[in-house]
Amino acid sequence: MSLEKFVEQLRSLAKRVETLKASIETEEATKTAIVMPFFQILGYDIFNPLEFTPEFTADVGIKKGEKVDYAILHEGYPVILIECKSINQHLTKHDSQLFRYFGTTTAKFSILTNGIEYKFFTDLEEPNKMDSSPFFSFKINELRDVHIAEISKFRKEAFDVDKITSNASELKYLNALKSYLVEQFENPSEDFVRYLVGEIYEGVKTKAAIEKFTPIVKRGIKQIVNEQVNDKLNAALKSTSDNKVTIEEPIEEVFENDGIITTNEELECYAIVKVALKDSIELERVFYRDNRSYFNILIDNNIRKWVMRVFFDRNRNYIILNDAPNDKERTLIEFSQPIDLLMYQDKIITTASLFK
């Protein structure tokens, strides 16, 4: 299978998961509807027990007959162990079960999944002993390009134990660093603020000084991120001719039609959604229509293909995604300012793909 076909099938499965997840209630249903198709996309013959073995026996100490849900075999030996849980279960409390299995086999990797979230483990810290934390994880309904690049390494035709292992350490600590920085950007710790203050402030770093600088640090980080995103928005939108919106300079005008006023903030939302969709759909297909109560973003200028409705109320700003057949089931997301919508790029892409 070509890489392009692999990516297409993986994204198709992600859409299928969104459609089916509400109707899946058991572990067996999770395996059949989501987990097995995932490994089939990776190129494994899920109906060949010599390659993809269900209920693989992994004896643990004096316990005999302990079974792993699946094992992927190479030349008769397990290389990947897979433990599945119901789509409704969280994974953290089950790590110890897979931990016991890992040391009793020749497998170099183990995967813990509930069909939506996948956690990949190996033995970076101590040989033949599964690490307590995964070196890679993702949620299939929140796929990013960086996730797909790592998942593709586990395709049957590309699988190379040595290459994946050599990259696992860097990947593990890179993900840990990203998680730490995201947390610090949202709520900077005293130690983090103290370090930054030490680089710019010559006075004594008292507790009062740290408290004074904490909101400054938080605001400064947010401004840096916004400025970088705005630069990318401007670059991406320069090439868009139809319904073009640029934010290089403030938009001075608002457009009035039958009492409807299209505001700067609404046009910013439109611009940001176009940037979010630029790699998944032709931008000339993305339009907007303003209404009295909400701002509509749609595909092909077709009201039946609306992707998102944007609401600016007095007390809150929020969007509704057209990802379900009725309002009760549709996703509602609150946001502070238009630029925040980029945090939900994957959900926007998934919704827009329903109307391709």
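Residues numbered from 1 in each chain as written. Predicted model: local features only at pLDDT ≥ 70, side-chain atom pairs only at ≥ 80, totals over all residues. Heavy atoms only, no water.

## Considerations on the overall build of the protein
Tallying secondary structure elements over the protein gives nine helices and 13 strands in all. Here the protein, with 356 residues, has 43% of them falling under the buried criterion. When the accessible surface of the protein is totalled, it reaches about 19,900 Å², and 50% of it is carbon and sulfur. (Helix = DSSP H or I, 4+ residues; strand = E, 2+ residues; numbered from the N terminus. Buried < 20%, exposed > 50% of the residue type's maximum accessible area, 1.4 Å probe, protein only. Areas by Shrake-Rupley, 256 points an atom, 1.4 Å probe, with all protein chains shown as cover.)

## Comments concerning helix α2 (residues 27-41)
For α2, spanning 15 residues, the distance from its first C-alpha to its last is 20 Å, which sits close to the expected 21 Å at 1.5 Å a residue. The principal kink in α2, of about 35 degrees, is found at V35, preceding the proline P37 by one to four residues. Measuring from the side-chain oxygen of the N-cap residue of α2 to the backbone nitrogen of A29 gives 3.1 Å; that N-cap residue is T26. Positive backbone phi, at 105 degrees, marks G43, one or two positions downstream of α2. (Expected span 1.5 Å × (residues − 1). Bend = angle between axes of the 7 residues up to and from the residue. Polar contact = N/O pair within 3.5 Å; in protein donor to acceptor, adjacent residues only side chain to side chain.)

## Observations regarding the sheet that holds strand β4 (residues 109-113)
Spatially, β1-β2-β3-β4-β5-β6 is the arrangement adopted by the six strands of the open sheet, whose pairing is mixed. Because the sheet does not close on itself, it has two edges, and the strands there are β1 (52-57) and β6 (136-139). For this sheet the average axis-to-axis angle between neighbouring strands, irrespective of direction, equals 25 degrees. Pairing geometry for strand β3 (residues 77-84) and β4, over five bridges, is parallel. When the bridges of β4 are listed, L81 appears paired with S110. This element, α2, spans β1, β2 (67-74), β3, β4, β5 (117-121) and β6 of the sheet and lies at about 15 degrees to β2. (Pairing = 2+ DSSP bridges. Axes fitted to C-alpha atoms, helices over the stretch in contact; angles between N-to-C directions. Contact = heavy atoms within 4.5 Å.)

## Description of the pattern of salt bridges
One pass over the structure, following the stated rule, counts 21 salt bridges. The shortest N-O distance in the salt bridge between K31 and D69 comes to 3.0 Å. Placement of K31 in helix α2 and of D69 in strand β2 is noted, with a sequence separation of 38 residues between them. There is no split in this pair, since K31 and D69 are both buried. Between R144 and D346 there is a salt bridge, with the nearest N and O atoms lying 3.7 Å from each other. Of this pair, R144 sits in the loop between β6 and α4 (145-151) while D346 sits in helix α9 (residues 345-353), placing them 202 residues apart in sequence. Overall, R144 belongs to the partly exposed group, its relative accessible area being 39%. (Salt bridge = Lys/Arg side-chain N within 4 Å of Asp/Glu carboxyl O.)

## Some words on the packing of aromatic side chains
Inspection of every chain in the model, using the stated rule, returns 21 aromatic pairs. On the basis of an interplanar angle of 40 degrees and a centroid distance of 6.1 Å, the ring pair of F38 and F138 is categorised as tilted. Of this pair, F38 sits in helix α2 while F138 sits in strand β6, and the two are 100 residues apart along the sequence. Each member of the pair, F38 as well as F138, is classed as buried. Measuring from ring centre to ring centre gives 5.1 Å for Y118 and F138, while their planes differ by 5 degrees; the resulting arrangement is stacked. Taken together, the residues Y118 in strand β5 and F138 in strand β6 connect sequence positions 20 residues apart. In this pair, the class of Y118 matches that of F138, namely buried. One aromatic cluster is present, built from ring pairs that chain together F38, F39, F52, Y70, F109, Y118, F120, F135, F136, F138, F154 and F159. Seen from the ring of F6, R155 lies directly overhead, with NZ or CZ sitting 5.4 Å from the centre. (Phe/Tyr/Trp six-rings, centres within 6.5 Å; stacked < 30°, edge-to-face > 60°. Lys NZ or Arg CZ within 6 Å of the ring centre and 35° of its normal.)

## Observations concerning the sheet that holds strand β11 (residues 306-312)
Across the sheet, which stays open at both edges, the five strands sit in the order β9-β10-β11-β12-β13 with antiparallel pairing between neighbours. Sheet topology places β9 (286-290) and β13 (332-335) at the edges, where each strand pairs with a single neighbour. Averaged over all pairs of adjacent strands, the angle between strand axes in this sheet comes to 20 degrees, irrespective of strand direction. Against the sheet, α9 touches β11, β12 (317-321) and β13, its axis set at about 135 degrees to β11.

## As for the pairing of β11
The buried count for β11 comes to six of seven residues, which makes it a mostly enclosed element. Both strand β10 (residues 295-299) and β11 contribute to a ladder of four bridges, which runs antiparallel. Paired with L298 across the two strands is W306, which belongs to β11. Hairpin remark: β10 followed by β11, antiparallel, with six residues in the connecting loop; positive phi at D300, about 60 degrees. Pairing between β11 and β12: five bridges, direction antiparallel. Residue pairing across strands places M308 opposite L321, the latter belonging to β12. Turn length for the β11-β12 hairpin, with the two strands adjacent in sequence and antiparallel, is four residues.

## Some words on the pairing of β9
Along a regular strand, successive side chains alternate from one face of the sheet to the other. The pairing of β9 with β10 spans five bridges and is antiparallel. Paired with Y288 across the two strands is I297, which belongs to β10. Two successive antiparallel strands, β9 and β10, enclose a turn made up of four residues.

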